[in-house]
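Here are the chains, one letter per residue:
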Amino acid sequence: MVEAVDSRFPFPFEPYTIQKEFMEALYRTLEDSKIGIFESPTGTGKSLSLICGALTWLQDFEERKKQEAARLLENRADTVAEHPAEKKLTPGQDGSSSSEPDWITAFVQKKAERDLVDKLKVASHESQYQSRNALASDEDEEARQLLELSKECAEEEQGAGLEDGEEELLVAEYESDDDTKPKNRWVSSPDIPCIQIYYCSRTHSQLAQFVHEVQKSPFAENISLVSLGSRQNLCINEEVRRLGSVQLINDRCMEMQKNKHEKSSGGEPKRRRSKPKAVCPFYRHEALQGLRDEALVKVRDIEQLVALGHETKGCPYYGGRLAVPAAQVIVLPYQTLLHEATRRASGIRLKDQVVIIDEAHNLTDTITCIHSSEVTGAQLCCAHSQLSQYVGRYRNRLKAKNLMYLKQILFVVEGLVRVLGGGKNIPQGTEMLTINNFLFKAQIDNINLFKVIQHLNQKVADEEKQISMASPMMQVEGFLFALTNANKDGRLVIQRHGTLAQCSLKFLLLNPAVHFAPVLKECRAVIIAGGTMQPVADFKEQLLLSAGVAVDRITEFCCGHVIPPENILPIVLCNGPSGQELEFTFQNRETPQMMDEMGRVLANLMNVVPGGVVCFFPSYEYERRALAHWESTGILARLAAKKKIFQEPKKASQVEQVLTEYSRCIQNCRQVGGALSGALLFSVVGGKMSEGINFSDDLGRCVVMVGMPYPNIKSPELQEKMAYLDKHMPQVGRQSPGKALVENLCMKAVNQSIGRAIRHRGDYASILLLDRRYSRPTTLHKLPEWIRRSTRVQPTFGPAFASIRKVSLPSWPAAKLLTPRPSESSVSTFSFLFPKCRY
């Protein structure tokens, strides 16, 4: 542990007190090699706090290592001067020196251990290979028979039956029994003892915003940063970009690489003259190295890296990967970090490194989605048809082992089709099975799926994908990989409909900790940050403690908002204007009385709240029913007389247009005046406007939350998750873990929605929670601390309306307005956030 940390971190301006506290807590967490959960509301400068706190620690850490290395060299120089006879000793011959720092001793020792392990692996591989050859299993017997058949056919039909250019379609020989891992030229050297910081977030726009903050920070000139992304975002080959689809772009890129390698290696002389194969002009060694060097000199975001690619004529996708080993900060999306295969392919090594996961409020769901998989009956039939045609055409030209594995894949696909009902009349319904029971039902329990997947992966690793793997087979491969999870960690959902094409198989991951554990185990420290992390109890239990993390390694930091407490008015309203109790349960929320009372509440708010009002419904269906009822009763007309009404669109492509019109309407009403005082936007919790869209200033002077948006308790997936938690997790107070999950999912969605209105220190808004159940102490405790401390529970409507009317008067905001800080200017600009709608 180092001495006390100076509270003054390098910062582009004088930081808030909460920012100083944030950075010092972050510094201690990194120094102590812990896992930190950091909550800092949006608008409090979280990104800059992360940047300046983490990079200050990184610079201090590197400086200490330099000083230790200098002392080591000085000590050795003194030793050589005193004992000249030992001058020629190689490192390690003089025994373990007590003057060597721990990190150097550990590095040398680990390298020696790796060398020994490699030798043992070679000996073990030879021994296992001989043992396997001695086993007379059915699989080996089939392989021998196929080998004899292949040899006979090869002698009789050598070179026959192939049309011009079809030689390349033959799959290269593959030995699954070879335990040696394929070489990956993008993997960085394991012998570089340096610390790197991996920063990841959900979308490319969020990553770009983070890089822009780094560019504005005091560290911009002396830090090396590289941004990683998908081929779709980084490709500069217009021929490939025009394909549009992510999968098609990936396939074409891999195909061009293969052509490049064949061309450079010369290959064997062809018996037939075929058309020249297309290669990527940007995939050249010199250009990639040039781009790598330039990328490390200056901090660039994705768009700037693409511009650099055009300038250097080098591929930004692969040039960025080449820069990873030498970079101090690597910026990358969730998928690249949280998916092990993608992580490995990108050359990312997390051993003893620092990981910062931002916007992590949905981290559990994100990991679950990344490692869940679904395949439809139509995709299975298409994959089976394509593979059958391939085997039928090239059967006599395929090597024995490849033919055997292709037959196994066909057998597995046929088994999956059988589970869905085959071509028979398929009864409708949903069935839930464990992994083992599913394998038995599909009659593929005797197939080694690990070897089948390794066979498929080998083609990707060697960049020799001869079969076009566009979507159907890729979906099958992803689903087969999901089936290799432990039996208790997942479930299979079989959904049968009228036809086979409409049926589907879905793997549901129940234990995300199993895939997050390697990150937690390998890294020196992990920072999990977000604007709204509450409630964190299930998060800690499901992702951290279940992954084997010790309780004393977890730290938590939560700060308030930068706005004065008076600038926010959260109210829990228990009864409406007519005295109707507000409890929007699934059973009574659609009654005419409840919808009428909700309409009266909104009608009164429209009379006093200026600017924009955002009203969140628990579902699209309930929003539709409520608006239809209000239209028939005249309530909708009363609302429209005061504010222009907008609705959240169901298509993502229409979101920006609706937001633009909503913003323009509010601005016109403020400037021109007239009968309308602003606009009313109806949205849905968990929809396109409950996350990533900021309703700052006049765009959101009041946020209304209708009811409590509990997830569908009848969902088979949710029921299975609840059962899993009840079986494997400890009791949460008086609640079972399953019920606690439902409550937490609800409150996480609420917190994300109601935090849309306060975006900088000069902002102000009221928040109205329409449901008496919010007044329960356990529920109130799950609100963000900066909202909870100002929350008032109002049993009747009168006092609540009076409070909202008072804070909505022009004198209230004028007294509390503060000038936004430089770091907040972008957050308070509505148009700046439109790019988020595109992702």
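What counts as what
Residues numbered from 1 in each chain as written. Predicted model: local features only at pLDDT ≥ 70, side-chain atom pairs only at ≥ 80, totals over all residues. Heavy atoms only, no water. UniProt positions renumbered as here; feature names shortened; annotations may be inferred. Helix = DSSP H or I, 4+ residues; strand = E, 2+ residues; numbered from the N terminus. Buried < 20%, exposed > 50% of the residue type's maximum accessible area, 1.4 Å probe, protein only. Contact = heavy atoms within 4.5 Å. Areas by Shrake-Rupley, 256 points an atom, 1.4 Å probe, with all protein chains shown as cover. Pairing = 2+ DSSP bridges. Axes fitted to C-alpha atoms, helices over the stretch in contact; angles between N-to-C directions. pLDDT = per-residue confidence, 0-100. Nonpolar A, V, L, I, M, F, W, Y, C, P; charged D, E, K, R; others polar. Salt bridge = Lys/Arg side-chain N within 4 Å of Asp/Glu carboxyl O. Parallel < 35°, antiparallel > 145°, perpendicular 65-115°, else oblique. Phe/Tyr/Trp six-rings, centres within 6.5 Å; stacked < 30°, edge-to-face > 60°. Disulfide = S-S within 2.5 Å. Right-handed = clockwise from strand over helix to strand, strands pointing away. Expected span 1.5 Å × (residues − 1).

The name an unreviewed UniProt entry assigns to the protein chain is ATP-dependent DNA helicase DDX11, from the organism Scleropages formosus. The UniProt entry for the protein chain carries the following comment under Cofactor (unreviewed entry): "[4Fe-4S] cluster". Database annotation for the protein chain, UniProt heading Sequence similarities (unreviewed entry): "Belongs to the DEAD box helicase family. DEAH subfamily. DDX11/CHL1 sub-subfamily."

Okay, the overall build of the protein chain next. A tally of regular secondary structure across the protein chain gives 31 helices and 18 strands. For the protein chain, with 839 residues in total, the buried portion stands at 51%. Sequence-distant contacts in the protein chain: of pairs separated by 6 or more residues, those separated by 24 or more amount to 81%. A total of about 39,100 Å² of accessible surface is found on the protein chain, and carbon and sulfur atoms cover 52% of it.

This brings us to unusual backbone geometry. Here the bond from Gln-534 into Pro-535 is cis, since omega is -10 degrees, no more than 30 degrees from zero. Examined against the element boundaries, Pro-535 turns out to sit in the loop between β10 (525-530) and α21 (537-544). A positive phi is found at Lys-313, a non-glycine position, where the angle reads about 60 degrees. Relative to the assigned elements, Lys-313 resides in the loop between α10 (302-312) and α11 (316-323).

Once that is clear, we can look at the sheet that holds strand β6 (residues 373-376). Strand order in this open sheet of 4 strands is β6-β9-β8-β7, and the pairing throughout is antiparallel. Each having just a single partner strand, β6 and β7 (429-434) make up the two edges of the open sheet. Within the sheet, the average angular offset between the axes of one strand and its neighbour, ignoring direction, is 15 degrees. Relative to β6, helix α19 (residues 472-482) is tilted by about 130 degrees, and along the sheet it contacts β6, β8 (490-496) and β9 (504-509). In this fold helix α26 (residues 716-728) packs onto β7, β8 and β9, with an angle of close to 25 degrees to the strand it touches most, β7.

Let's shift gears to the confidence of the model for the protein chain. Model confidence for the protein chain is summarised by a mean pLDDT of 79, while 77% of its residues fall at 70 or above. The weakest mean pLDDT in the protein chain belongs to helix α31 (residues 811-816) at 42; the strongest belongs to strand β5 (residues 354-357) at 94. This model gives residues 120-140 a pLDDT under 50, and the stretch forms 12 contacts once residues within four places in sequence are excluded. Note on residues 149-160: pLDDT is under 50 here. Beyond four places in sequence and across chains, it has 14 contacts.

The geometry of helix α14 (residues 363-371) relative to α21 is characterised by a closest axis approach of 10 Å and an angle of 35 degrees between their N-to-C directions. Where α14 approaches α21, its residues Leu-363, Thr-364 and Ile-367 are matched on the opposing element by Phe-539, Gln-542 and Leu-543. Here the residues of the contact of α14 with α21 are counted per class, giving 4 nonpolar, 2 polar and no charged.

Right, let's talk about the pattern of salt bridges for a bit. Counted under the stated rule, the structure contains 26 salt bridges. With a closest N to O distance of 3.0 Å, Arg-772 and Glu-583 form a salt bridge. Here Arg-772, found in the loop between β17 (765-770) and α28 (777-780), pairs with Glu-583, found in the loop between β12 (568-573) and α22 (592-608); they are 189 residues apart in sequence, far enough to count as distant. For Arg-772, a relative accessible area of 31% puts it in the partly exposed group. The network of salt bridges with common partners includes Glu-590, Glu-621, Arg-624 and Arg-625.

Take the packing of α26 against helix α27 (residues 737-754) next. Following both chains from N to C, one finds α26 and α27 inclined at 130 degrees, their axes separated by 7 Å at the closest point. With respect to their mutual orientation, α26 and α27 come out oblique. The residues of α27 that touch α26, namely those facing Leu-718, Lys-721, Met-722, Leu-725 and Asp-726, are Pro-737, Gly-738, Lys-739, Leu-741, Val-742 and Leu-745. By residue class, the composition of the contact of α26 with α27 is 7 nonpolar, 1 polar and 3 charged.

Here the focus is the packing of aromatic side chains. Enumeration over the complete set of coordinates arrives at 18 aromatic pairs. For the pair Tyr-390 and Tyr-394, a centre-to-centre distance of 5.1 Å together with 55 degrees between the ring planes defines the contact as tilted. Remark: Tyr-394 and Tyr-390 occur in helix α15 (residues 377-394); sequence separation between them is 4 residues, near one turn of the helix. We classify Tyr-394 as buried; its relative accessible area is 4%. Between the aromatic rings of Phe-617 and Phe-682, the centroid separation amounts to 5.6 Å while the plane-to-plane angle is 55 degrees, which identifies the pairing as tilted. Residue Phe-617 is located in strand β13 (residues 611-617), and its partner Phe-682 is located in strand β15 (residues 678-684); the two are separated by 65 residues in the primary sequence.

Glancing now at the pairing of strand β4 (residues 329-333). Most of β4 sits inside the fold, with 5 of its 5 residues counted as buried. Burial along β4 is two-sided: the residues Val-329, Val-331 and Pro-333 and Ile-330 and Leu-332 are all buried. Note that strand β2 (residues 197-201) and β4 share 5 bridges and pair parallel. Bridge pairing in β4 places Tyr-199 opposite Val-331.

As a further point, take the sheet that holds strand β11 (residues 554-558). Across a sheet, strands are paired by hydrogen bonds formed along the backbone, either parallel or antiparallel in direction. Pairing is parallel across the open sheet formed by 7 strands, whose spatial order is β3-β4-β2-β5-β10-β1-β11. Both edges of this open sheet fall to β3 (225-227) and β11, since each of them pairs with a single strand only. Across the sheet, the axes of successive neighbouring strands diverge by a mean angle of 15 degrees, strand direction being ignored. Relative to β5, β2 runs parallel, the two being bridged by 4 bridges. The residue of β5 that forms the bridge with Tyr-198 is Val-355.

Its location among the elements puts Gln-328 in the loop between α11 and β4. Beyond its immediate stretch of four places on either side in the chain, Gln-328 contacts Leu-58, Glu-62, Ile-195, Gln-196, Ile-197, Asn-222, Ile-223 and Ser-224.

Turning to the state of the cysteines, a few remarks are in order. One way to say it: the disulfide is the covalent bond shared by the sulfur atoms of two cysteines. For the structure on display, the rule yields 0 disulfides. No disulfide involves Cys-382; its sulfur sits 8.7 Å from that of Cys-381, the nearest cysteine.

Another aspect to go through is the pairing of β15. For β15, a buried count of 7 out of 7 residues is recorded, marking the element as mostly surrounded by other parts of the structure. Pairing analysis gives 7 bridges linking β13 to β15, with the strands arranged parallel. Opposite Val-614, over in β15, you have Leu-681 as the bridge partner. Judged from the 5 bridges that link them, strand β14 (residues 643-647) and β15 form a sheet pairing that is parallel. Bridging across to β15, Ile-645 finds its partner in Leu-680. Note that the unit made of β14, helix α25 (residues 655-672) and β15 has a crossover that is right-handed.

The terminal C-alpha atoms of helix α5 (residues 204-216), which comprises 13 residues, lie 19 Å apart, in line with the 18 Å expected from a rise of 1.5 Å per residue. With 10 of 13 residues buried, α5 is to be regarded as a mostly interior element. Residues His-204, Ser-205, Gln-206, Leu-207, Ala-208, Gln-209, Phe-210, Val-211, Glu-213 and Val-214 constitute the buried set of α5.

A separate point is the environment of Ser-385. Within the secondary structure, Ser-385 sits in helix α15. Remark: the alpha-carbon pair of Ser-385 and Leu-410, spanning 25 residues in sequence, is separated by 9.3 Å.

A word on the side chain of Thr-368. Structurally, Thr-368 can be placed in helix α14. For Thr-368, a relative accessible area of 13% translates into the label buried. The contact partners of Thr-368, leaving out residues within four places of it in the chain, are Leu-509 and Pro-512.

Glancing now at the environment of Gly-229. Tracing the backbone shows Gly-229 in the loop between β3 and α6 (231-234). Distance from Gly-229 to Thr-203, taken between C-alpha atoms, is 9.8 Å for residues 26 residues apart in sequence. Gly-229 has contacts with His-204, Leu-234, Ile-302, Tyr-317 and Pro-333, leaving out every residue within four places of it along the chain.

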